[in-house]
There are 2 protein chains.
Amino acid sequence: TIVDRVKAALYPKDLSGKKIMVSAGPTREAIDPVRYISNRSSGKMGYEIARAAEYRGAEVTLVSGPVSLASPLGVDRLSVTSVGEMAETIFSRLDDVDAVIKVAAVADYRPRTRAEHKIKKKSDDMTLELDKNIDILKELGKRKTRQVLVGFAAETQSLAENARKKIEAKNLDMIVGNLVGDPASGFGTDTNIVTFFHPDGRKEPFESMGKDVVAHELLNRVSGLLKERL
Amino acid sequence: TIVDRVKAALYPKDLSGKKIMVSAGPTREAIDPVRYISNRSSGKMGYEIARAAEYRGAEVTLVSGPVSLASPLGVDRLSVTSVGEMAETIFSRLDDVDAVIKVAAVADYRPRTRAEHKIKKKSDDMTLELDKNIDILKELGKRKTRQVLVGFAAETQSLAENARKKIEAKNLDMIVGNLVGDPASGFGTDTNIVTFFHPDGRKEPFESMGKDVVAHELLNRVSGLLKERL
């Protein structure tokens with residue numbers, strides 16, 4: 001849209017020449033051809049980051065789980081469903097990018113077997129056996145070379161503790177923590193209450209902000225980290 | 001919209017004075033505050049029926065699971081998430097309506113317990129214990145008095161057999177069967193390939209049709225059944 005291009009023109013092109021991959025949305029792990037396990041991620045936060053990075057001149061790849069959002073203009077969107085597909089798509093493009101911002105809410109477990117046909121309800125109870133999925137972010141932390149790697153941690157409790165654990169265990173350059181459950185923060189909302197955690201122990205807590213504002217604050221940090229690596 | 005009202009004006013008001021309740025979309029059964037079990041229903045078929053019934057003069061209540069569709073104009077939409085909520089909403093309004101068209105794809109099972117906090121991934125596997133949900137359609141079949149009751153059966157195999165079983169076991173006045181899996185039929189598409197099954201053994205198979213056309217064919221039958229009961 002014209003509005004979109006006018007807005008884009010207002011931003012400094014500090015990410016010009018940079019390739020940024022953003023993952024967004026939920027994943028779906030099939031139980032049978034009809035049913036699946038998913039989560040409440042709307043994809044809004046990741047889409048705002050992809051949009052903001054494009055405004056600022058980056059070449060953006062958006063690896064997206066199933067969401068009901070329009071693709072941001074000028075962004076290369078790759079649609080995936082399961083964690084397996086998302087992992088494959090991300091790893092195949094890793095060598096080509098300068099930063100990976102992993103916003104997608106990835107399923108930790110998947111059903112052990114996917115029934116070929118719709119499971120008929122019979123017994124009064126049922127047991128679903130789940131296997132652990134690959135931890136995409138942790139794997140990226142092992143494989144990264146020059147890339148800046150940013151993760152997200154949506155927690156319902158012990159945010160700082162969980163965020164600190166993840167930043168070290170997954171070899172991240174930054175993690176964005178947000179406590180979900182607050183109406184102004186998290187799933188499906190247009191605002192978010194986040195804290196940026198850095199590997200050196202610094203943390204930057206923010207008040208409730210629009211997800212577009214969070215996106216630009218985040219990209220300010222990514223832009224700085226990319227400059228340090230030149 | 002104006003287009004919508006012009007279209008509405010083209011239809012005979014054969015459902016004028018009738019109250020019709022339509023259920024649509026998937027349900028979500030929470031595993032924890034973030035994760036849930038759901039299914040691939042987009043809600044499109046149910047929304048088209050609600051819209052078509054309103055065009056034809058009915059007073060329409062649409063009980064809808066989480067979907068990304070706009071409410072049809074003039075339709076009273078009630079949003080629900082879980083099967084429990086959907087059941088409560090439908091049963092509380094049953095006495096007031098002349099027909100119930102149950103299009104929603106309702107979860108047959110729900111997690112036995114809903115974790116208060118996000119479950120952390122630890123072990124390599126996990127077992128999810130599920131309990132059977134109430135069968136809303138079957139319960140409606142028991143409770144109905146004057147109401148016309150129509151169900152849907154989305155199957156991946158043995159469509160006729162499963163549809164016939166359901167029509168009897170659930171005391172339905174008609175069931176709409178569709179074989180999901182075909183690209184032109186079922187989840188998320190704008191077309192559907194359906195067969196109407198009647199309690200007297202008649203069946204009416206259709207070619208691929210727009211979901212709006214399916215909606216009007218279905219309402220023709222419902223309108224006829226309502227007239228017989230006067």
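Scroll up a little and you will see the structure.
Residues numbered from 1 in each chain as written. Chains lettered and ligands numbered in written order. Predicted model: local features only at pLDDT ≥ 70, side-chain atom pairs only at ≥ 80, totals over all residues. Heavy atoms only, no water.

Across the contact, 40 residues belong to chain A and 40 residues belong to chain B. Of the roughly 3,700 Å² buried where chain A meets chain B, counting both sides, 48% is carbon and sulfur surface. Where chain A meets chain B, there are six salt bridges. With a closest N to O distance of 2.5 Å, A:Asp108 and B:Arg35 form a salt bridge. Looking at the side of chain A that touches chain B, the elements with two or more residues in it are strand E3 (35–39), strand E8 (125–132), strand E9 (148–155) and helix H5 (159–169) of chain A. Element by element, the count of residues in the side of chain A that touches chain B is highest for E8(A), at eight residues. Looking at the side of chain A that touches chain B, its residues break down into 13 nonpolar, nine polar and 18 charged. Bridging between E8(A) and strand E8 (residues 125–132) of chain B involves seven bridges; their strand directions are antiparallel. Paired with A:Leu128 across the bridge in E8(B) is B:Leu128. (Contact = heavy atoms within 4.5 Å. Buried area = accessible area lost by both parts, 1.4 Å probe. Salt bridge = Lys/Arg side-chain N within 4 Å of Asp/Glu carboxyl O. Helix = DSSP H or I, 4+ residues; strand = E, 2+ residues; numbered from the N terminus. Nonpolar A, V, L, I, M, F, W, Y, C, P; charged D, E, K, R; others polar. Pairing = 2+ DSSP bridges.)

Summed over all chains, the structure comprises four aromatic pairs over all chains. Look at B:Tyr11 and B:Tyr55: their rings are 5.5 Å apart centre to centre, the planes differ by 20 degrees, and that puts the pair in the stacked class. With B:Tyr11 in the loop between helix H1 (2–10) and strand E1 (19–24) and B:Tyr55 in helix H2 (residues 44–55), this pair connects stretches of sequence that are 44 residues apart. Directly above the ring of A:Phe91 sits A:Arg143, whose terminal nitrogen or CZ lies 4.0 Å from the centroid. (Phe/Tyr/Trp six-rings, centres within 6.5 Å; stacked < 30°, edge-to-face > 60°. Lys NZ or Arg CZ within 6 Å of the ring centre and 35° of its normal.)

Turning to the relation of the copies chain A and chain B, a few remarks are in order. Overlaying chain A on chain B yields an RMSD of 0.0 Å, the required transformation being a rotation through 180 degrees with an accompanying axial translation of 0.0 Å. Here the two chains are linked by the operation of a two-fold rotation axis. The fraction of interface residues of chain A whose copies in chain B are also interface residues reaches 100%, indicating that both copies meet through the same surface. (Least-squares fit on C-alpha atoms with pLDDT ≥ 70 in both.)

Residue and element names in this part refer to chain A. Across the sheet, eight strands lie side by side as E5-E4-E1-E6-E9-E10-E12-E13; this open sheet has mixed pairing. Of all strands in the sheet, those bounded by a partner on one side alone are strand E5 (76–79) and strand E13 (203–205). Pairs of neighbouring strands in the sheet enclose a mean axial angle of 15 degrees, with direction left out of account. Strand direction decides the pairing type here: strand E10 (residues 174–179) and strand E12 (residues 194–197), joined by four bridges, are antiparallel. Its bridge partner being in E12, Ile-175 is matched across the sheet by Phe-197. (Axes fitted to C-alpha atoms, helices over the stretch in contact; angles between N-to-C directions.)

Put simply, side chains in a regular strand alternate between the two faces of the sheet. Residues and elements named next belong to chain A. Burial of E12 is two-sided: the residues Val-194 and Phe-196 facing one way and the residues Thr-195 and Phe-197 facing the other way are all buried. Of the pairings in the sheet, the one linking E12 to E13 comprises three bridges and is antiparallel in character. The residue bridging Phe-196 from the neighbouring strand is Glu-204, located in E13. Counting the residues that bridge the hairpin from E12 to E13 gives five residues, and of these Gly-201 lies at a positive phi of roughly 100 degrees. (Buried < 20%, exposed > 50% of the residue type's maximum accessible area, 1.4 Å probe, protein only.)

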